[in-house]
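# Descriptive analysis of the structure
Next come the chains, spelled out residue by residue.
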Amino acid sequence: DKDKDTKNTDYTEDKEKTNDEDNDKSGGWSSSDVNIFVDNCAKEAVKGGMQRGKATDYCECMQRKLEVMYPNSQDVGNIDVESAEMQAMVKKCLGM
């Protein structure tokens, strides 16, 4: 158990705690899936004229809502973005 006192192990434990927190918060999506979605979404929103901070907040909101609908992140590709349900989610995440 001497290894537990090393900085490397502490870092690993911290990293694991962070991943556990991400997994608890995000349910079925891995923290990697969440980060990829939010990053890609925010880039597109910024391209569309949204400020970076607002884009990130919006995309994090959408990710949480989409994960409830699609516990498997691979299913997100099947989204009908024009559906009334999706438009309602967009408006909520935009604060409208």
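For the structure, check the block above.
If you're wondering where the values come from, they're calculated on a predicted model, not measured in any experiment.

## Digging into the state of the cysteines
In protein structure, a disulfide is the covalent linkage between the sulfur atoms of two cysteines. Scanning the entire structure with this criterion turns up two disulfides. Note on cysteine connectivity: Cys-41 is disulfide-linked to Cys-59, with sulfurs 2.0 Å apart. Its torsion about the S-S bond being -75°, the disulfide of Cys-41 and Cys-59 is classed as left-handed. Here Cys-41 is found in helix H2 (residues 31-47), whereas its partner Cys-59 is found in helix H3 (residues 52-69), with 18 residues between them in sequence. Residue classification places Cys-41 among the buried residues on the basis of a relative accessible area of 17%. You can call Cys-59 buried: its relative accessible area is 0%. Each sulfur in the disulfide pair Cys-61 and Cys-93 lies 2.0 Å from the other. An S-S torsion of about -75° defines the bridge between Cys-61 and Cys-93 as left-handed. Remark: Cys-93 occurs in helix H4 (residues 84-93) and Cys-61 occurs in helix H3; sequence separation between them is 32 residues. Going through the protein chain in sequence order and numbering each bonded cysteine, the pairs you get are 1-2, 3-4.

## A word on the packing of aromatic side chains
Scanning all chains against the criterion turns up one aromatic pair. With 5.8 Å between their ring centres and 75° between their planes, Trp-29 and Phe-37 make a pair best called edge-to-face.

Thresholds applied
- Residues numbered from 1 in each chain as written.
- Predicted model: local features only at pLDDT ≥ 70, side-chain atom pairs only at ≥ 80, totals over all residues.
- Heavy atoms only, no water.
- Disulfide = S-S within 2.5 Å.
- Helix = DSSP H or I, 4+ residues; strand = E, 2+ residues; numbered from the N terminus.
- Buried < 20%, exposed > 50% of the residue type's maximum accessible area, 1.4 Å probe, protein only.
- Phe/Tyr/Trp six-rings, centres within 6.5 Å; stacked < 30°, edge-to-face > 60°.

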